[in-house]
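Listed below, chain by chain, are the residues.
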Amino acid sequence: ILMNDIILGNDYDRISDFDGILDGNNFSITLQSRPNTFSGSRYAIFRTLDSGSTIRNMVINVETYETENEGGYLAGDVEYDVTVENIRINIDSFTGLEFSGLLFGYIDDSSSFILNNIYIDIQTANLTDSSALIGYAEASTIHANNIHIIIDQLFVTNEVDPSGLLFGHVDSST
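Residues numbered from 1 in each chain as written. Predicted model: local features only at pLDDT ≥ 70, side-chain atom pairs only at ≥ 80, totals over all residues. Heavy atoms only, no water.

Chemist: Would you mind showing me how to read the overall build of the protein chain here?
Modeler: Secondary structure assignment for the protein chain yields zero helices and 12 strands. In the protein chain, the order of α-helices and β-strands from amino to carboxyl end is β-β-β-β-β-β-β-β-β-β-β-β. In the protein chain, 84% of the contacts between residues at least 6 apart in sequence involve partners at least 24 apart. Only carbon and sulfur atoms are counted for the fraction: they give 44% of the accessible area of the protein chain, which is about 7600 Å². (Helix = DSSP H or I, 4+ residues; strand = E, 2+ residues; numbered from the N terminus. Contact = heavy atoms within 4.5 Å. Areas by Shrake-Rupley, 256 points an atom, 1.4 Å probe, with all protein chains shown as cover.)

Structure follows, in structure tokens:
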């Protein structure tokens, strides 16, 4: 359980694997900026949300975030039976490349995933084969309820696959 707000600079170390419950207790995680200076794919606060994990009740504030290669802000890779609920994301500028999503980069094959009460407010989004929510969903079942995405300025470039507000690429998902 978060007991206060957290501020991350642009050089934070991501958490490799998360297996458990993170209750934000309605506090916020603020990322001052994250320029595209990382190497590797699926970059996020959590590299992987392991099966059975729950993230809930938090506000995420971001100034500038750039990601690629199935990267996401909250999690790069989501395994099965993960629940994310009551999350609000406020972001000034988001640039997603190559199947990236603002919330999640990649949802694993055979995942069953629950999203409830997700609010995303973006001032400017630049999407290239990417999405405002999930970059790439592969053979997954996604249960989504009460998802709100507000984008003031949207710029979309489709190089390989169409970009979308919910998904950048879907491969046999329901």
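Don't stop here, the text continues.
Chemist: Mind showing me how you'd approach the side chain of D50 here?
Modeler: Tracing the sequence through the fold places D50 in the loop between β4 (46-49) and β5 (54-67). Of the side chains with opposite charge, R47 comes closest to the buried, unpaired D50, at an N-O distance of 8.7 Å. In this view, D50 contacts D17, F18, D19, E79 and V82; residues no more than four positions away in its chain are not counted. (Buried < 20%, exposed > 50% of the residue type's maximum accessible area, 1.4 Å probe, protein only. Lys, Arg positive; Asp, Glu negative; His and termini not counted. Salt bridge = Lys/Arg side-chain N within 4 Å of Asp/Glu carboxyl O.)

Chemist: Would you explain the nonpolar core in this entry?
Modeler: Inside soluble globular proteins, nonpolar side chains tend to come together where they are buried. The biggest cluster of nonpolar side chains holds 42 residues, and the ones touching the most others in it are I55, V84, F104, F113 and L115. Counting residues per element, this core draws most heavily on strand β9 (residues 112-128), which supplies seven residues. If sequence neighbours within four positions are ignored, V84 has contacts with I55, L74, F104, F113, I114, L115, N116 and I118. (Core = buried A, V, L, I, M, F, W, Y, C linked by side-chain atoms within 4.5 Å.)

Chemist: Before we go on, may I ask you to explain the environment of N86 in this structure?
Modeler: Structurally, N86 can be placed in strand β7 (residues 82-97). The contacts of N86, once residues within four sequence positions are left out, are R56, N57, M58, N116 and N117. A distance of 3.0 Å separates polar atoms of two side chains, one belonging to N86 and the other to N57. (Polar contact = N/O pair within 3.5 Å; in protein donor to acceptor, adjacent residues only side chain to side chain.)

Chemist: Help me out: how do you make sense of the packing of aromatic side chains in this one?
Modeler: Each aromatic ring pair is specified by the distance between its two centres and by the angle formed by the two planes. Under the defined criterion, the tally for this structure stands at two aromatic pairs. With a centroid separation of 5.2 Å and an interplanar angle of 90°, the aromatic rings of F104 and F113 are classed as edge-to-face. Like F104, the residue F113 is buried in the burial classification. (Phe/Tyr/Trp six-rings, centres within 6.5 Å; stacked < 30°, edge-to-face > 60°.)

All we've got here are geometric facts, nothing functional implied.
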